[in-house]
Amino acid sequence: MHSKLPRIGTTIFTVMSQMAKDFGAINLSQGFPGFDADPKLLELVAHFTTKGFNQYAPMSGIPELREIMAEKTMRCYGFLPDPVEEITIVSGATEAIFCAITAVVDPGDEVILLEPAYDSYEPAVILSGGIPIHVDLKPGEFSIDWEKVRHAVNFKTKALVINTPHNPSGYVWTEEDLKQLASLVRDRDIYVISDEVYEHITFDGRTHFSLVGHEELREKTFVCGSFGKTFHVTGWKIGYCIAPKDLMAEFRKVHQFVTFSTVTPIQYALAEYLKDAAHYEGVSSFYEKKRDFFFEGLKKTGLEIIPAQGSFFQMAYFGHLSKISDRELAERMTQQLKVACIPVSSFYHDKQDPKFIRFCFAKEEDELEEALNRLQGLSKIL
Ligand SMILES: Cc1ncc(COP(=O)(O)O)c(C=O)c1O
């Protein structure tokens with residue numbers, strides 16, 4: 001059968017997680033927490049499921065959740081979106097990104113993707129008949145090469161997908177990055193899809209600059225977020241999109257026929273849980289301790305590392321130790337050291353291999369400690 005996505009196979013996350021299982025390895029590959037959510041949140045979900053909140057929610061999300069999200073956006077980013085027309089609750093950030101791309105991209109439109117990139121962006125562009133234009137981030141810190149981005153923009157450019165804090169590198173956008181982006185899209189009909197799923201995970205005193213907090217950029221931007229990432233419940237697949245009214249109207253036309261609406265009792269639970277800002281304001285320090293612990297141990301393995309600025313991923317460079325491919329290294333690590341990670345080449349459309357691997361450190365400390373012990377044997381497998 002003709003395939004609309006001929007280059008897409010099973011994702012590397014599935015491959016590495018399966019390999020971790022097969023070889024009894026500690027799975028630091030896929031990005032999900034190895035611990036449970038706050039019991040308070042779980043109790044709220046139990047409460048709303050047993051009290052009969054189990055039928056379809058309104059298409060755009062329950063008003064209580066949209067209202068508290070508007071307040072939270074004001075509190076975190078200094079802008080109060082209209083909860084009725086500018087916020088939609090969706091089934092995960094992946095859905096938000098898909099709907100936003102589908103809403104704006106026409107056949108032949110170019111969409112700029114910064115690589116390494118999360119894997120859902122490109123298929124969404126292709127399914128809309130768009131043309132992905134890949135721009136590499138600067139290997140090392142993986143900051144934005146604005147000169148290259150400017151070069152990639154032309155009259156066919158319809159949108160740009162950005163991600164801060166960034167998966168896989170952990171890079172966090174600066175105010176200067178926002179300024180550069182604003183000047184790039186000024187006076188051009190270019191939309192921005194801003195993937196901010198790690199908005200509440202930044203380290204060393206860094207601030208997450210949401211595009212919704214930027215007066216000029218928010219007029220052209222779909223901000224996509226995930227409750228799954230913030231509250232350690234990735235399996236719930238629930239997220240949100242914030243965009244100006246006219247953009248949101250188009251977004252909802254797509255969302256309406258992708259999922260229509262999102263799981264009802266969890267929306268009620270989140271609306272209640274979000275009333276206490278400590279529930280999301282404490283997430284950065286929670287993960288910073290894990291980042292520090294993991295970073296210190298990883299330093300002793302011989303890998304070259306720059307501490308992650310945000311997200312729950314730590315990248316590591318191995319090019320000075322070996323010429324093998326990142327995929328080969330990830331496989332040897334899983335099979336012989338019994339620690340699974342992700343080869344960063346899988347975040348590039350052309351599978352280029354700048355010799356980085358990515359670890360997820362959203363795990364209990366004893367699991368991280370055991371993984372670090374095993375990784376001390378790295379030189380033996382190279
Ligand atoms: C950068 C990035 N965007 C989006 C997602 C997906 O978020 P959700 O599970 O809410 O769909 C992930 C999950 O790994 C991610 O890392």
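All of the points below concern the structure found in this document. Counting starts from 1 at the beginning of each chain's written sequence and moves along it residue by residue. Side-chain atom pairs in this predicted model are given and counted only at pLDDT of 80 or more, local residue features only at pLDDT of at least 70, and totals for whole chains, interfaces and linings cover all residues. Each side-chain value is derived from all of the structure's non-hydrogen atoms; neither hydrogens nor water enter the calculation.

## What to know about the sheet that holds strand β11 (residues 342-343)
Strands belonging to one sheet form pairs held by backbone hydrogen bonds; the direction of such a pair is parallel or antiparallel. The cut-off we apply is this: A pair of strands counts as paired when DSSP detects no fewer than two bridges linking them. Strands are runs of DSSP state E lasting at least two residues, helices are runs of H or I lasting at least four, and both sets are numbered from the N terminus onward.
Strand order in the open sheet formed by 3 strands is β9-β12-β11, and the pairing between neighbours is antiparallel. Strands with a single pairing partner mark the edges of an open sheet, and in this sheet they are β9 (313-317) and β11. Looking at chain direction, β9 and strand β12 (residues 356-360) are connected through 5 bridges and run antiparallel. What sits directly across from Phe313, in β12, is Cys360.

## Here's the deal with the site of the ligand
Note the threshold: Being near a molecule or strand, for a residue, means having at least one of its heavy atoms within 4 Å of it. Under the rule applied, a polar contact is a pair of N or O atoms within 3.5 Å (in protein, one hydrogen donor and one hydrogen acceptor; residues adjacent in sequence only if both atoms are side-chain atoms). Note on areas: these come from Shrake-Rupley sampling with a 1.4 Å probe, and a residue is covered only by the protein chains present in the view.
As a structural note, the neighbourhood of the ligand is formed by Gly92, Ala93, Thr94, Tyr118, Asn163, Asn167, Asp195, Val197, Tyr198, Ser226, Lys229 and Lys237. Here an oxygen atom of the ligand and a backbone polar atom of Ala93 are 2.8 Å apart. One nitrogen or oxygen atom from the side chain of Asp195 is found 2.5 Å from a nitrogen atom belonging to the ligand. Within the complex, the protein chains bury 93% of what would otherwise be the 390 Å² of accessible surface of the ligand.

## With respect to the pattern of salt bridges
Which entries qualify depends on this criterion: When a carboxyl oxygen of Asp or Glu is within 4 Å of a side-chain nitrogen of Lys or Arg, the pair counts as a salt bridge. Only protein chains enter the calculation, and the probe is 1.4 Å; a residue is then buried if its accessible area is under 20% of its type maximum, exposed if over 50%, and partly exposed in between.
For the structure on display, the rule yields 19 salt bridges. Residue Glu85 is joined to Lys245 by a salt bridge in which the shortest nitrogen-to-oxygen separation is 3.8 Å. Residue Glu85 is found in the loop between α3 (63-77) and β2 (87-90), and its partner Lys245 is found in helix α9 (residues 245-258); the two are separated by 160 residues along the sequence. Classification of Glu85 by relative accessible area gives partly exposed; the value is 32%.

## Some remarks on the packing of aromatic side chains
Heads up, the rule is: Stacked, tilted and edge-to-face pairs are distinguished by plane angle, under 30 degrees for stacked and over 60 for edge-to-face with tilted covering the rest, among Phe, Tyr and Trp rings (Trp via its six-membered ring) whose centres lie within 6.5 Å. Only when the NZ atom of a Lys or the CZ atom of an Arg is both within 6 Å of the ring centre and within 35 degrees of the ring normal do we say a charge sits over the ring.
Applying the stated criterion across every chain, the model contains 22 aromatic pairs. Centroid distance Phe35 to Tyr287: 6.3 Å. Interplanar angle 45 degrees. Geometry classified as tilted. Taken together, the positions of Phe35 in the loop between β1 (26-27) and α2 (39-50) and Tyr287 in helix α12 (residues 283-299) put the pair 252 residues apart, joining distant regions of the chain. Tyr287 matches Phe35 in its accessibility class, with the two residues each being buried. Site record: aromatic cluster; members linked through ring pairs are Phe35, Tyr198, Phe286, Tyr287, Phe312 and Phe313. The lysine or arginine in question, Lys72, covers the ring of Tyr280, its NZ or CZ lying 5.0 Å from the ring centre.

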